[in-house]
Amino acid sequence: MPVPKIIPFATAPAFFKTLRARGQRLVQSHGIFDLIHPGHVCHLEEARGLGEALVVTLTADKFVNKGPGRPYFNQQLRAKSLAALACVDYVVTVPFTGALEAIECVRPDIYCKGKEYADPDFDTEGNLPGEIRAVKKLGGQVRFIGSIKYSSTKLLNRHFDHLSTPVKAFCESLAGRCTRRQFVEAVESFTSLNVLVVGDTIFDRYSYLKVQGLTSKNKIISGRFLREETQTGGALAVFRHVKQFTRRVQYFSLVGTEPWAAAALRQHVASAQDLTVREPGFTTIIKQRFVEPLVEGAEMSKLFSVNYLAAAPPSEKVLARLEKKLLSEIRKADVVLVADFGHGLMQPRLRELVQDRASLLALNCQTNSNNHGFNVITRQYQRADVFTLDEQEMMLSAGRRQLDFAQELAALKKKFRSSYAWLTRGSVETIGLRDREPACLCPPLERDVVDTIGAGDAFLSVAALAAAKRLPVDLATFLGQLAGAQAVKIVGNAEPISKTTLLKSGMSLLNF
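Keep in mind that what you see is a predicted model, and the values were worked out from it rather than measured.

Asker: When you look at the overall build of the chain in this model, what are you seeing that I'm missing?
Answerer: Each helix and strand counted, the chain has 18 helices and 19 strands in total. Here the chain holds 512 residues, and the buried ones make up 54% of them. Pairs at least 24 residues apart make up 74% of the contacts formed inside the chain by residues separated by at least 6 positions. A total of about 23,000 Å² of accessible surface is found on the chain, and carbon and sulfur atoms cover 51% of it. Each charge class in the chain can be summarised by its mean position, and for the 66 positive and 51 negative side chains these summaries are 2 Å apart.

Asker: Explanation requested: the nonpolar core in the structure shown.
Answerer: Nonpolar side chains tend toward joint burial in soluble globular proteins. F183, F190, V197, W422, F478, L479 and L502 are the most contacted members of the largest nonpolar core, which totals 69 residues. Among the elements that make up this core, the one with the highest residue count is helix α16 (residues 455-468) (eleven residues). Ranked by size, the runner-up nonpolar core spans 40 residues in total, among them L326, A333, M395 and A421.

Asker: Help me understand a nonpolar patch on the surface, please; the structure alone is not making it clear to me.
Answerer: On the surface, F304, V306 and Y308 cluster together to form a nonpolar patch covering roughly 260 Å² of accessible area. Within the fold, V306 resides in strand β13 (residues 302-308). By relative accessible area, V306 is classed as partly exposed at 31%.

Asker: Please clarify how unusual backbone geometry should be interpreted in this entry.
Answerer: Negative phi values dominate among residues other than glycine, just as trans dominates among peptide bonds. Look at the link from R70 to P71: it is a cis peptide, with omega at 0°. Mapped onto the secondary structure, P71 falls in the loop between β2 (53-59) and α3 (75-83). Non-glycine residue K219 carries a positive phi angle of around 55°. Inspection of the secondary structure puts K219 in the loop between β7 (201-214) and β8 (221-233). With relative accessibility at 55%, the residue K219 sits in the exposed group.

Asker: What's the story with the sheet that holds strand β3 (residues 90-94) in this structure? I'm lost.
Answerer: Strand pairs in the sheet, formed through backbone hydrogen bonds, run parallel or antiparallel to each other. Read from one edge to the other, the open sheet built from five strands follows the order β3-β2-β1-β4-β5, with strand pairing classed as parallel. The open sheet terminates on both sides in strands that have one partner only, identified here as β3 and β5 (141-145). Recorded for the sheet is a direction-independent mean angle of 30° between the axes of neighbouring strands. Relative to β3, β2 is paired through five bridges, and the arrangement is parallel. Residue pairing for β3: L58 is matched across the bridge by T93. Sheet strands touched by helix α2 (residues 38-48): β1 (26-31), β2, β4 (110-114) and β5. Its angle to β2, the strand with the most contacts, is close to 140°. In the packing of α3 onto the sheet, the strands contacted are β2 and β3, and the crossing angle to β2 comes to about 165°.

Asker: What is the right way to read α2 from this model?
Answerer: Along an α-helix, residues three or four apart share an orientation, since each turn contains 3.6 residues. Of all the positions in α2, only G39, H40, H43, L44 and A47 are classed as buried. Down the axis of α2, the sector holding all buried residues measures 125°, keeping them to one side. Buried residues belonging to α2 abut β1, β2, α3, β4, β5 and α6 (152-159).

Asker: Would you mind going over the packing of aromatic side chains with me for this structure?
Answerer: Geometrically, a pair of aromatic rings is defined through the distance of the ring centres and the angle of the planes. Across all of its chains, the model carries 16 aromatic pairs by this definition. One aromatic cluster is present, formed by F15, F16 and Y90 through successive ring pairs. Here the basic side chain of R227 rests over the ring of Y208, its NZ or CZ set 3.9 Å away from the ring centre.

Asker: Would you mind showing me how to read the pairing of strand β18 (residues 430-434) here?
Answerer: The side chains of a regular strand alternate, first on one face of the sheet and then on the other. Most of β18 sits out of view: four of its five residues are buried. Sheet analysis places strand β17 (residues 420-424) next to β18, joined by five bridges and oriented antiparallel. Each residue of the ladder has a partner; that of L423, found in β18, is I431. Between the end of β17 and the start of β18, which pair antiparallel, lie five residues, with G426 showing a positive phi angle near 55°. Of the pairings in the sheet, the one linking β18 to strand β19 (residues 440-442) comprises three bridges and is antiparallel in character.

Asker: I would appreciate a short explanation of the packing of helix α8 (residues 180-188) against helix α18 (residues 499-509) in the present structure.
Answerer: Packed helix pairs are characterised by how far apart their axes lie and by the angle those axes make with each other. Between α8 and α18, the least distance of the axes is 10 Å, while the angle of their chain directions is 160°. It follows from the interaxial angle that α8 and α18 lie roughly antiparallel. Along this stretch, α8 crosses α18, giving a crossing that reads as right-handed. Along the contact surface, α8 presents R180, F183, V184, V187 and E188, while α18 presents K499, L502, L503, G506 and M507.

Asker: So what exactly am I meant to see when it comes to the sheet that holds strand β12 (residues 285-291) here?
Answerer: With respect to topology, four strands assemble into an open sheet ordered β8-β7-β12-β13, the strand pairing being mixed. Strands at the two margins of the open sheet, each flanked by one partner only, are β8 and β13. For this sheet the average axis-to-axis angle between neighbouring strands, irrespective of direction, equals 20°. Here β12 runs beside β13; their pairing, made up of six bridges, is antiparallel. Residue pairing across strands places Q288 opposite V306, the latter belonging to β13. In the packing of helix α9 (residues 234-243) onto the sheet, contacts are made with β7 and β8, and the angle to β8 comes to roughly 55°.

Asker: It is not clear to me how the pattern of salt bridges should be interpreted in this structure. Could you clarify?
Answerer: Counted under the stated rule, the structure contains 24 salt bridges. One salt bridge in this structure joins K113 and E131, with 3.5 Å as the shortest N-O distance. Placement of K113 in strand β4 and of E131 in helix α5 (residues 128-137) is noted, with a sequence separation of 18 residues between them. What makes E131 buried here is its relative accessible area of 8%. Where K413 meets D435, a salt bridge forms, and the shortest distance between an N and an O atom there is 2.2 Å.

Cut-offs and rules
Residues numbered from 1 in each chain as written. Predicted model: local features only at pLDDT ≥ 70, side-chain atom pairs only at ≥ 80, totals over all residues. Heavy atoms only, no water. Helix = DSSP H or I, 4+ residues; strand = E, 2+ residues; numbered from the N terminus. Buried < 20%, exposed > 50% of the residue type's maximum accessible area, 1.4 Å probe, protein only. Contact = heavy atoms within 4.5 Å. Areas by Shrake-Rupley, 256 points an atom, 1.4 Å probe, with all protein chains shown as cover. Lys, Arg positive; Asp, Glu negative; His and termini not counted. Charge placed at Lys NZ, Arg CZ, Asp CG, Glu CD. Core = buried A, V, L, I, M, F, W, Y, C linked by side-chain atoms within 4.5 Å. Patch = residues over 30% accessible without salt bridge, like charges linked within 9 Å, V, L, I, M, F, W, Y side chains within 5 Å. Salt bridge = Lys/Arg side-chain N within 4 Å of Asp/Glu carboxyl O. Pairing = 2+ DSSP bridges. Axes fitted to C-alpha atoms, helices over the stretch in contact; angles between N-to-C directions. Arc of directions from axis to C-beta. Phe/Tyr/Trp six-rings, centres within 6.5 Å; stacked < 30°, edge-to-face > 60°. Lys NZ or Arg CZ within 6 Å of the ring centre and 35° of its normal. Parallel < 35°, antiparallel > 145°, perpendicular 65-115°, else oblique. Left-handed = near helix turned anticlockwise from the far one by under 90°.

See the structure below:
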């Protein structure tokens, strides 16, 4: 019987080894192939003419980083479409983001890329040099081919419905003012920034339960324990995000001396980056959330939370140590990013210090269940060059529920004499303001939410860097929204946002 065209990734290396042993010259093309168009057909036909068998490797759905609604067609349909082409001999769906694993799987004699990649400036993600090295290491060669050029992403963005109307309108408008090359250059410019992250270290503990129902006597939820994981949250999550964009970042915080906390901190903060004060009398913060296992396609169900926090603020002696260390480092930073969760670190004297000494102060003064009504931005700070807050924090700041949010944000920006101000409104929109620029209203870029914990911190991390580089407010807001869109797809702060994913998503959304 004839061999099926679609080969499983697990068995593909052995299969292609057999073909090579028979003397067949293997040609490989790799991509997403979300929408087969004439450019693809011409490329693949030309590739097939270079050898005895053409293998098309396809990025699996989970690893497509093209932004919301992508891929438009799932991997089964994409593989089937490719296999239907007479010029394609074999199709393999690859469970990795990049092409290196695909190259290792096939070990091609010839690896084909579109002619546009012959121009180094076209490879905005910088992946091609690694692909070329991998091919040559395996004894193959790279060829740039194709006579007709189309873009699947551009066709989808213009003519298909994978983007909501507000998202499409915003991205198309931004694309008219910012090219994809300029977008990449803006993100790459963050590498030159010296950043100091200041704030409360929080460890988020997720305890997964199988809910069994209510107990018969007390009517309380009964659950069977499944597993547990501890993640880095609070300002430490912000630090991890920022670290993806610049290595020139330091971390200032306060933790206890628990051995587990020291080990966890060392995993993420190098000695040269660590300005954290360890205090035996301080309780390292843990927020334990009891949750149900994640169901694909649904937001995580949280049952209840238990917080481990110090009841009293740090002593004057500890505050003096903190003040001395912060004072010696703060002037070295281009931007001081303060994530104030109201859990003890940011006492009045430290708040005054960052307001007085930071060259650029980016602030989020957060409201949560522990500090509700007390950690209000207008009561704790008088200055912020850049700030972000959410609806609840804005209402507490204004002292009323019914607001004209854009007007209230403008008033708060004026009060703080800020350069940039952002109000994140979750599934509604994000409002961005900057002097002498029209207000920016950016819709949410991701509708399929897994967990909203940490999304605001991700937005702050990237938007603050954009503000430090004085980017236009629409571009800065877009960058923050891209970070938030990644964060809501991750449980808590299990991993930092990816610079590569942000770049790919942004370039895809700006391709009109």
